[in-house]
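Topology and contacts: notes
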Amino acid sequence: MLPIDDSPIVRDGKSLILAMDHGLEHGPTDFEEVPEKLDPSTVFDTATHDAVTAMAVQKGIAEGYYPSYGDDVNLLAKVNGTSNLWMGEYDSAVNWSVDYAAEIGADAVGFTLYGGSNHEVEMAEEFRDVQEAAREHDLPVVMWSYPRGQGLKNDTKPEVISYATRLGLELGADIAKVKYPGSPDAMEHACKSAGDMKVVMSGGSKTSDYEFLSTVEAAISAGAKGLAVGRNVWQREDPTRILDALEKVIFEEETADAALEATE
Amino acid sequence: MLPIDDSPIVRDGKSLILAMDHGLEHGPTDFEEVPEKLDPSTVFDTATHDAVTAMAVQKGIAEGYYPSYGDDVNLLAKVNGTSNLWMGEYDSAVNWSVDYAAEIGADAVGFTLYGGSNHEVEMAEEFRDVQEAAREHDLPVVMWSYPRGQGLKNDTKPEVISYATRLGLELGADIAKVKYPGSPDAMEHACKSAGDMKVVMSGGSKTSDYEFLSTVEAAISAGAKGLAVGRNVWQREDPTRILDALEKVIFEEETADAALEATE
Amino acid sequence: MLPIDDSPIVRDGKSLILAMDHGLEHGPTDFEEVPEKLDPSTVFDTATHDAVTAMAVQKGIAEGYYPSYGDDVNLLAKVNGTSNLWMGEYDSAVNWSVDYAAEIGADAVGFTLYGGSNHEVEMAEEFRDVQEAAREHDLPVVMWSYPRGQGLKNDTKPEVISYATRLGLELGADIAKVKYPGSPDAMEHACKSAGDMKVVMSGGSKTSDYEFLSTVEAAISAGAKGLAVGRNVWQREDPTRILDALEKVIFEEETADAALEATE
Amino acid sequence: MLPIDDSPIVRDGKSLILAMDHGLEHGPTDFEEVPEKLDPSTVFDTATHDAVTAMAVQKGIAEGYYPSYGDDVNLLAKVNGTSNLWMGEYDSAVNWSVDYAAEIGADAVGFTLYGGSNHEVEMAEEFRDVQEAAREHDLPVVMWSYPRGQGLKNDTKPEVISYATRLGLELGADIAKVKYPGSPDAMEHACKSAGDMKVVMSGGSKTSDYEFLSTVEAAISAGAKGLAVGRNVWQREDPTRILDALEKVIFEEETADAALEATE
Amino acid sequence: MLPIDDSPIVRDGKSLILAMDHGLEHGPTDFEEVPEKLDPSTVFDTATHDAVTAMAVQKGIAEGYYPSYGDDVNLLAKVNGTSNLWMGEYDSAVNWSVDYAAEIGADAVGFTLYGGSNHEVEMAEEFRDVQEAAREHDLPVVMWSYPRGQGLKNDTKPEVISYATRLGLELGADIAKVKYPGSPDAMEHACKSAGDMKVVMSGGSKTSDYEFLSTVEAAISAGAKGLAVGRNVWQREDPTRILDALEKVIFEEETADAALEATE
């Protein structure tokens, strides 16, 4: 972990990362209700919102669309990822070299670590290479820290999420993205387990405006330094309104209620 | 994905790729009815047709025959491939380095990804290396995106083909070659899932002139940007005539009927 | 093994290594009784004690906290390690390159070898690379020599511990950290098996002051050249007092009784 | 495949390769009847015969004996090979780098590919590296193309041998060495499947003079461009006589009968 | 195989290698009867005997002790080896790079090949790298050629030992160390199978003076070019006396009886 408050992906110590790698991880099915979002431009347009400090995409989408948004969007190069079509213990492919990500203009890199997978050792060594290459390019490193595998029945248990944030700290991430562990106390413990490293909450699958915002509010109060979100933004009819509200909850530390009211 | 409309393998935004790597993938059995085509010169001769924007072959055939056709044929270096003699989960060998393909004069590179294979992670990482090396040589990258593996019973289901084109877009291909998913609607969805990346239909095993051309017509109407075809051209008695017809369907967007009539 | 008596991590021929990589190896659970220690600064503060010749941490913690302690603490870069979340034969990930450890200011490197694991061959080859890279940077190498695996029922048996120290000597460590084999005679044999290479006792899980110090006393009398300890120091309410006592037992070769009395 | 008619290992478009790597592949048992041939000099002496265009040996034998025969023998560096002592699916070790083979004076390199083995993908990738390194040194590449593995019950079936020669062509060999497929027609098909690439017949285990020579005659008539032979030459009492006869059958295209008569 | 008669590890065409890597391969248990030999200096002292042409040790012991013996002992860097604590098919770790061995002053390198192990292919490829690196440093290569594995019930059968020496010759060793195959005839065949490459007998576990020396005598008469011995020298009360005797048997080709008498 290095100090990254001066990085473009951080605003007032916090980050709001808009992620759109679902086409790789889940396939086009995630776009079923919002087929127009299959066109990445639509999500890049959303990412120009002031609240968004970075947009996370895979290499091919960055190559094709980022050149048109370089002035308005910060690029988080998600360097690994895989489809859900195959079978076996959790693993992910490193699809993008850090050198090439930097060449395309990345402001940060992202990497999924399945701690607890029987491929954890191999993935951690891939993370080492990515992290150290990122250091050479002065790029912050965001770890999607998602423990899952043969031995893990429940991947949102408080002790699992606290272990997840700690893995980020120990292995050299600058931000760890984790699932909400179910309660403010558990989130607070997870943030404390990360020492001075920033923790951001993972947005997860789409929920109601209130449910979503109040979980974000709870996470921020518990010490989270932001949010990494995909479906809960771009699967909505009006992504701008939810981003307006998220801006208030995350950066202005307003309540979910106040944020919703203000953005009605 | 990068803009490739200025590439030699693209004509008016579309491509017609003549593939002849069947000797590796299926063995000489594919030439049983047309034994004279075992001589690669015969297929290279066919590839000099104006409709063909690139010919896809493996390294050994490129080394031996491309020097005589360099002025008349664009070379698509198919860099991986394997025989069907062995047993086990789908995989493919990288038989050709991109550097050497460029040295021989390749205008583009091709790579098969078996998304859904339990070797997908490894193949995706091999694709990364090929794709990034191709970028250094300014060569377009064509992905043979063929989901298949232990967990995939039906590899032409609409959602599988849409996932296949999306894999091409996310991972950095410039063109994805996929099987026809059975209906124009499904093909349209597959093309939309690819964003701005070009999708070409895979020719498949030999069918009648009309059946073949009308499927191509449907694919083009649905948004496909061309065709990659082998057996449906060079297994025919008169490859020139079917190429004449394909030229009309693909580049002039005529109907199968009109094209057949015009080339009788 | 090279002479390391002039190294900053050695004082009068002995070492006291304070280790804090438990967040990676065991997770936050090791901090349950001392939650304030989740903040690595607290343990770095402890490591400024004169008795501590080096502090062993993983990369991320070194990056984040060592810059503030560079003048007062010697850094032992623990370059491999893994979580306890996954299943299978013992193995560990190399999370840190020696080059980068040196860049951050490491005074030594540490590496866990699970001799007896069915991954021993692979781990020994990773050790080779780490050890030879450390030689290029003139950094002493500490081996956490912990035989364990499918074929080892009891990993503190005298012959196992003597084999563990010998592995350190044969493979090129400068210090081997091993568990106490249960008796002074066994410890003496383990030290003799190491030839001129230094052996330090592993602190293990927290025990009473007297039990802990008298085991250290026995180890030192038997020829051990120090201690590598984590929980038995920083899980205590007053780490300074136990370090005062350890200083007497290790460097002044006092008895546990005398050391306890003097530090009451 | 590149044109190699100007290579020293080719004479009038054909090759006669004397192979002596049986000590590695089969062990000393192949020398039981001719124990004096355990001394590689004896076989190198045989290789000085005008009919022999290259001698194929492993690295150690080339290092030790080739320096004395450099003026009279062309060296084919057989870069992979393995013993028959171990168990499991067919595979072979790459025992010799092409760079070092070139340094020793190799005129060509040889590589065994077990197409159809479950290790085919890995072996093909090793072949890629060897083939491309050979290109840098302008050395022809001979593939021992021997399909065998879990899924292949009969490795001399006509379709298997035709697939074997095609693998050589597609993957970039200049010569493929295959077993005789049992009939002139099958051999002719195998040669046609190879396009312009040369096919040489594998000599196999020792048979009678007539049986051996007439099979060679049939192969040459069917389009084979020579022979790669070991035991059928050096296990004979008079290797010179059989080479005299082979010279007539292969290079002068005489019948087996005529060749035998002429060399009586 | 290269000519190595001018190498410091050869005297009058023969070698006597004193090996002491048993602490790694077998653990301290091999020193149970001679605990003072746990100190490597004691064995290095023994190696200063004129009869010893090289001492074989692992990296750590070379680093720690060879600097004091550089004038009096020739160093054979044993670059692979492993403990006997783990389970599974035979394999060995490459613990030492040849570059670093050369830097420390090695006069030769040693490598164990378990021909017949299901890891043979991988080990042979590691041997390739070691052998070719040794060539760059002009260091002779000694192969501990020990066929063993799932398919080998008896690893001292004559045909196995002859295969073992042949593997050394074919793969590029300069000396192969093998077990005594039980009879002078079998040893003679093993030496003939090695062509001009030197074969040395492996000393094995401790036996009586007469039994040991007469086996060495038989091996030398059969064509062996020396001995590589550990326990049969340094487990003895008086290693000097047995070395005096070995010098007579090996270099002066005296009988065991005469040598024993002369050294009484």
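Structural data are supplied above this passage.
We now turn to the structure provided with this report. Because the structure is predicted, anything quoted here is derived from the model rather than measured.

Some details on the overall build of chain A
When you go through chain A residue by residue, the secondary structure sums to eleven helices and ten strands. A compact globule built from 264 residues should have a C-alpha radius of gyration of about 18 Å, and chain A, at 17 Å, falls within 12% of that. Seen along its three principal axes, the alpha-carbon backbone of chain A occupies a region of about 50 × 40 × 40 Å. Contacts in chain A between residues at least 24 apart in sequence constitute 72% of all its contacts with a sequence separation of at least 6. With an accessible surface of roughly 8,900 Å², chain A has 42% of that area assigned to carbon and sulfur atoms. Side chains of chain A carry 21 positive and 48 negative charges; the gap between the two charge centres is 5 Å.

With respect to unusual backbone geometry
Of note, the phi angle at Asp138(C) is positive, near 55°, even though the residue is not glycine. You can call Asp138(C) exposed: its relative accessible area is 69%. For Glu253(E), which is not a glycine, the phi torsion comes out positive at approximately 50°. Mapped onto the fold, Glu253(E) is located in the loop between helix H10 (239-251) and helix H11 (256-262).

Some thoughts on the relation of the copies chain A and chain C
Superposition of chain A onto chain C requires a rotation of 72° combined with a translation of 0.0 Å along the rotation axis, giving an RMSD of 0.0 Å. The two molecules are tied by a five-fold rotation axis, judged by turn and shift. Taking C-alpha positions as reference, the residue of chain A nearest the rotation axis is Glu122(A), located at 11 Å.

Overview of the interface of chain A and chain C
Each partner contributes residues to the interface: chain A has 31 residues there, and chain C has 33 residues. Contact between chain A and chain C buries roughly 2,600 Å² in total, counting both sides, with carbon and sulfur atoms accounting for 57%. Its largest share of buried area at the contact with chain C, chain A owes to Tyr163(A), Arg166(A) and Glu170(A), together 27% of the area lost on that side. Here chain A is connected to chain C by 21 residue pairs in polar contact (both at pLDDT 80 or more). Only helix H5 (120-136), helix H6 (158-171) and helix H7 (184-193) of chain A provide two or more residues apiece to the side of chain A that touches chain C. For the side of chain A that touches chain C, the leading source of residues is H5(A), giving eight residues.

Quick notes on the interface of chain E and chain D
The interface of chain E with chain D comprises 31 residues on the first partner and 33 residues on the second. Here chain E meets chain D over a buried area of about 2,600 Å², counting both sides, of which 57% is carbon and sulfur. Looking only at chain E, the three residues that lose the most surface to chain D are Tyr163(E), Arg166(E) and Glu170(E), adding up to 27% of its buried area. Linking chain E with chain D are two salt bridges. Across the pair Lys59(D) and Glu132(E) runs a salt bridge, and its minimum N-O distance is 3.1 Å. Taken together, the links from chain E to chain D amount to 20 residue pairs in polar contact (both at pLDDT 80 or more). By residue number, the principal contributor to the side of chain E that touches chain D is helix H5 (residues 120-136) of chain E, which donates eight residues. Residue classes in the side of chain E that touches chain D are distributed as ten nonpolar, twelve polar and nine charged.

A closer look at the packing of helix H6 (residues 158-171) of chain E against helix H7 (residues 184-193) of chain E
Residues and elements named next belong to chain E. Between H6 and H7, whose axes approach to 8 Å, the crossing angle comes to 25°. By the angle class used here, H6 and H7 are roughly parallel. Two packed elements cross with a definite hand, and for H6 against H7 that hand is right-handed. Counted together, Pro158, Ile161, Ser162, Thr165, Arg166 and Leu169 of H6 and Ala186, His189, Ala190 and Ser193 of H7 form the full contact between these two elements. Within the contact of H6 with H7, the residues separate by chemical class into five nonpolar, four polar and one charged.

The rules behind these values
Residues numbered from 1 in each chain as written. Chains lettered and ligands numbered in written order. Predicted model: local features only at pLDDT ≥ 70, side-chain atom pairs only at ≥ 80, totals over all residues. Heavy atoms only, no water. Helix = DSSP H or I, 4+ residues; strand = E, 2+ residues; numbered from the N terminus. Rg over C-alpha atoms; globule rule 2.2 N^0.38 Å. Contact = heavy atoms within 4.5 Å. Areas by Shrake-Rupley, 256 points an atom, 1.4 Å probe, with all protein chains shown as cover. Lys, Arg positive; Asp, Glu negative; His and termini not counted. Charge placed at Lys NZ, Arg CZ, Asp CG, Glu CD. Buried < 20%, exposed > 50% of the residue type's maximum accessible area, 1.4 Å probe, protein only. Least-squares fit on C-alpha atoms with pLDDT ≥ 70 in both. Buried area = accessible area lost by both parts, 1.4 Å probe. Polar contact = N/O pair within 3.5 Å; in protein donor to acceptor, adjacent residues only side chain to side chain. Salt bridge = Lys/Arg side-chain N within 4 Å of Asp/Glu carboxyl O. Nonpolar A, V, L, I, M, F, W, Y, C, P; charged D, E, K, R; others polar. Axes fitted to C-alpha atoms, helices over the stretch in contact; angles between N-to-C directions. Parallel < 35°, antiparallel > 145°, perpendicular 65-115°, else oblique. Left-handed = near helix turned anticlockwise from the far one by under 90°.

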